[in-house]
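Coordinate inspection notes
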Amino acid sequence: MPLIDAQGPVLLPGQDGYDSERQGFNRIVDHRPAVIVAAETAEDVRQAVLHAAARDLPVAVQATGHGPVLPADGAVLIGTRRMNGVRIDPGARTARIEAGVRWGRVVERAAKYGLAPLNGTSPGVGAVSYTLGGGLPVLGRTYGWAVDHVRSIDVVTADGRALTATPDRHEDLFWALRGGKGNFGAVTALEIGLVPLTHVYGGGLYYPGDRAAEVVHAWREWTLDLPEETNSSVALVRFPDLPSIPGHLRGRAFTHVRVVHTGPETRPPATLGPPVMGAIGVQPYTEVASIFDEPAGPVRTQDHSMMLRDLPAEAVDTLIAHTGGDAGPVVVELRQLGGALGRTGAVPSATGHRDATHALTTVSPGPVGPARALLAAMRPWGTGRALINLFNGPDTAGDAREAYDPETYRRLVALKGVHDPANLFRINHNVPPENWNASRPAPR
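Residues numbered from 1 in each chain as written. Predicted model: local features only at pLDDT ≥ 70, side-chain atom pairs only at ≥ 80, totals over all residues. Heavy atoms only, no water.

The name given to the protein chain in an unreviewed UniProt entry is FAD-dependent oxygenase, with Spongiactinospora rosea as the source organism. What the UniProt record of the protein chain gives under Sequence similarities (unreviewed entry) is the line "Belongs to the oxygen-dependent FAD-linked oxidoreductase family." (UniProt positions renumbered as here; feature names shortened; annotations may be inferred.)

Attention now moves to the pairing of strand E14 (residues 253-261). With eight of nine residues buried, E14 is to be regarded as a mostly interior element. Bridge analysis of strand E12 (residues 199-208) against E14 gives eight bridges, and the strand direction is antiparallel. Considered in E14, the bridge of Leu205 is made with Val257. Taken together, the nine bridges between strand E13 (residues 230-238) and E14 define a ladder with antiparallel strand orientation. (Buried < 20%, exposed > 50% of the residue type's maximum accessible area, 1.4 Å probe, protein only. Helix = DSSP H or I, 4+ residues; strand = E, 2+ residues; numbered from the N terminus. Pairing = 2+ DSSP bridges.)

What follows deals with the packing of helix H7 (residues 212-222) against helix H8 (residues 313-321). Two numbers describe how H7 lies on H8: the axes approach to 10 Å, and their chain directions differ by 150 degrees. With respect to H8, the axis of H7 lies roughly antiparallel. Handedness of the crossing formed by H7 with H8: right-handed. On the side of H7, the interface is formed by Ala212, Ala213, Val216, His217 and Arg220, while H8 contributes Ala313, Val316, Asp317 and Ile320. (Axes fitted to C-alpha atoms, helices over the stretch in contact; angles between N-to-C directions. Parallel < 35°, antiparallel > 145°, perpendicular 65-115°, else oblique. Left-handed = near helix turned anticlockwise from the far one by under 90°. Contact = heavy atoms within 4.5 Å.)

Parts of the model with low pLDDT should not have their predicted coordinates read in detail. Per-residue pLDDT for the protein chain averages 94, and the proportion of residues at 70 or more is 98%. In the predicted structure, residues 440-444 sits below a pLDDT of 50 and forms eight contacts with residues beyond four places in sequence or in another chain. (pLDDT = per-residue confidence, 0-100.)

Written out as structure tokens, the structure reads:
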């Protein structure tokens, strides 16, 4: 196999750097690609796609590897972590971010101008892949889905063209990429909108794990009439005894209430009393990740999600009855939606879930049976949809139907047939083109 003409390293199995380059943050999937292109430029990405297309090899794109689905065995794996440029335009309140940029870098750069992006809970997550999956931000109830703030997308399509999709150019591709994740091309950069924000009033409050029922019920009642300025979630967390877990949490179980508020001071449920750890107060937005205490090192987990249309007290009782025990998920989170998340963006996209009131997610390092049982028990209150960014690991592999309503999915299938008829981009929650034959002869 001839090497690819790229500025960044091109690595074959057995070469120095191949093993470190193929590994992502979440080690639940073990990639064995035919070749790795450690891209440094958009042209590197284009050359990698052309190489794959000429040989009928699938393409996988990995920035941080937080949300793997399928192993990239026999594929061309494009690693984008070297593409980490961030350019802030303070006057326009925008940021241009390259494909491998992590959220922490965008937050820090934007803060110098009194601005903030619509990032997620972990500073180590890739900003582009997160946004292409819709992007459920820390500030979602206040400002909406991250995908609704995208201004333009630079993408390499399956035929090797480098395009810029906007609301006025390649409009169908702009719609599909914003929510269709990695199905329609290899995105090399985004231009995103920023919001004027320097500080928030918030924090993470830890209560003993054995008070889960009391805490979650109190949190549910507290959130019934919150303003859009308040963003909150509650998580039942059983921290494993691993080096990647912060020392003050390692090996302990908690019920964790998280609050991020952009208005005047607000108070969490007063009936809970003082937490065993944590506090609420004013803090710079650059410190918002500390509220969630997510692991910074490699993990091995599978994530499941379910969007809820309602959360009555009965649903909380059901959730509590299906959590706990050493064999279950290490994290079960309920995140309140609504507010700006319930409104359609100015430019329509493939991201739905506007009717959901809560997102339920689980993180499982071991058998996924308990997580599946929990989701099945919660089905009476579900919308029937999953959040694609929080639906990862081999147990979730397959097509992407669970993430979209039927009309959106049909449109995505039709556009896949236009932009990627050979299904080159299929190492993902795949939207195959109509009549695509997954069992066709092996690549030459």
